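# Residue-level structure breakdown
Each chain, written out:
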Amino acid sequence: MLKGKTALVTGSTSGIGLATARALAADGANVMLNGFGDKDAIETERAGLEKEFGIKARYSPADMSKPAEIAAMIATTEKEFGALDVLVNNAGIQHVASIEDFPLDKWDAIIAINLSSAFHGIRAAIPGMKKRKWGRIINIASAHGLVASAQKVAYVAAKHGIVGMTKVVAIEAANDGVTCNAICPGWVLTPLVQKQIDARAQASGQSVREAEIALLSEKQPMHQFTKPESIGALAVFLCSDGAASITGSAYSIDGGWVAQ
Ligand code: NAD
């Protein structure tokens, strides 16, 4: 379906981003990977995608907290592949603390990486999409884009912001063949969440498994993690012809979290 199209997934060296890049590649898209990590492991992943799916894959080390690097990454993608058709804004970090103790540098970093990076990426990518009359922008928000939890002021503010940004972009691009949607996952077992589980286990004296169950049952009626591959599958659907008129939506994939 996406053969001949190019997708850029920010933060695709791990977790949800990697699974989404893999799903888009499996559907035929060329992919630009991005994110931090071990150089050799990233190269193995990049080459593996090319071999497994017969597509072209490149990697950009752009830092999503740096606007100039984001703009340069979009320009490089367009130059390297001829176009950028699918932009998945996924890179994200977390920090947990109450507001009075929230470190200023963590606030700035979370707003920059989880929110402003999507603005910079969309701003640079949308002119080409509008010109070609086809584009798919997918913002990986969170259940925390729709509801709040204590101790996550920067994350919740950024994720609510990205859901709002999604709606504005959808309205502006509505008649240019470009859709913009948000995906709002609940708990997905990735390194970002593993850190929170480990911290809980350590603080409470529970086993890691007990901390996992406590974390899930506190928020989700469904006591299981969403698989990163399921987020990838939803992203592929949002790129399909069947989703051509879905725009400005915030799709929950959260085991019933925000249904309560
Ligand atoms: P992860 O830690 O596995 O992956 C994060 C990715 O972002 C990595 O590739 C990392 O290198 C990259 N990254 C971080 N800072 C960066 C920077 N400055 N520049 C470039 N890349 C950077 O996390 P994940 O759980 O896969 O999270 C991915 C997205 O999904 C995030 O936006 C997160 O908020 C969102 N999300 C995750 C969950 C969950 O339960 N895991 C739930 C809802 C939403």
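Conventions and cut-offs
Residues numbered from 1 in each chain as written. Predicted model: local features only at pLDDT ≥ 70, side-chain atom pairs only at ≥ 80, totals over all residues. Heavy atoms only, no water. Phe/Tyr/Trp six-rings, centres within 6.5 Å; stacked < 30°, edge-to-face > 60°. Helix = DSSP H or I, 4+ residues; strand = E, 2+ residues; numbered from the N terminus. Buried < 20%, exposed > 50% of the residue type's maximum accessible area, 1.4 Å probe, protein only. Pairing = 2+ DSSP bridges. Right-handed = clockwise from strand over helix to strand, strands pointing away. Polar contact = N/O pair within 3.5 Å; in protein donor to acceptor, adjacent residues only side chain to side chain. Contact = heavy atoms within 4.5 Å. Near = heavy atom within 4 Å. Nonpolar A, V, L, I, M, F, W, Y, C, P; charged D, E, K, R; others polar. Domains from an automatic or database assignment. Core = buried A, V, L, I, M, F, W, Y, C linked by side-chain atoms within 4.5 Å.

Moving on to the packing of aromatic side chains. Under the criterion given, the structure shown has one aromatic pair. Their ring planes at 40° and their centres at 5.4 Å tell us that Trp-187 and Trp-257 sit as a pair that is tilted. Linking Trp-187 in the loop between strand E6 (178-185) and helix H6 (191-204) with Trp-257 in the segment after strand E7 (250-253), this pair joins segments that are 70 residues apart in sequence.

Where burial is concerned, the two faces of strand E1 (residues 6-9) agree: the one with Thr-6 and Leu-8 and the one with Ala-7 and Val-9 are both buried. Where E1 meets strand E2 (residues 30-34), three bridges bridge the pair, whose relative direction is parallel. Directly across from Leu-8, in E2, lies its bridge partner Met-32. Read as a crossover between parallel neighbours, the route from E1 over helix H1 (residues 15-26) to E2 is right-handed. Here E1 pairs with strand E4 (residues 86-89) via three bridges, running parallel. Across the sheet, Leu-8 pairs through a bridge with Leu-87, a residue of E4.

Looking at the secondary structure, you find Asn-114 in helix H4 (residues 104-132). For Asn-114, a relative accessible area of 2% puts it in the buried group. Here the side chain of Asn-114 touches Ile-93 through a polar contact of 2.9 Å, landing on its backbone oxygen. Residues within four places of Asn-114 in sequence aside, it is in contact with Ala-91, Gly-92, Ile-93, Ala-109, Tyr-155, Ala-158, Lys-159 and Ile-162.

Taken together, 31 residues are adjacent to the ligand, and Ser-14, Asn-90, Tyr-155, Val-188 and Thr-190 come closest. Interatomic distance of 2.6 Å between a side-chain N/O atom of Ser-14 and an oxygen atom of the ligand. Elements represented by at least two residues in the shell around the ligand include exactly H1, helix H5 (153-172) and H6. For the shell around the ligand, the leading source of residues is H6, giving three residues. Of the residues in the shell around the ligand, the class split is 16 nonpolar, 13 polar and two charged. Formed jointly, the shell around the ligand draws a minimum of three residues from each of two domains, domain 1 (6-187 + 226-259) and domain 2 (189-224).

The next subject is the nonpolar core. Core analysis: the biggest nonpolar cluster contains 36 residues, and Leu-8, Met-64, Leu-87, Ile-122, Ile-126, Ile-137 and Val-169 have the highest contact counts within it. Where this core is concerned, the elements lending two or more residues are helix H3 (67-81), H4, H5 and E6. Element by element, the count of residues in this core is highest for H4, at nine residues. The residues touching Ile-137, leaving out its near neighbours within four places in the chain, are Leu-87, Asn-89, Ile-122, Ile-126, Met-129, Val-169, Val-178, Thr-179, Cys-180 and Asn-181. One finds Ile-16, Ala-21, Leu-49 and Leu-238 within the second-largest nonpolar core, a separate group that totals 30 residues.

Moving on to the environment of Ile-162. Looking at the element boundaries, Ile-162 is found in helix H5. Taking the C-alpha atoms as reference, Ile-162 lies 26 Å from Gln-224; in sequence the two are 62 residues apart. Setting aside anything within four residues of it in sequence, one finds Ile-162 in contact with Asn-114, Leu-115, Ala-118, Asn-139 and Ala-141.

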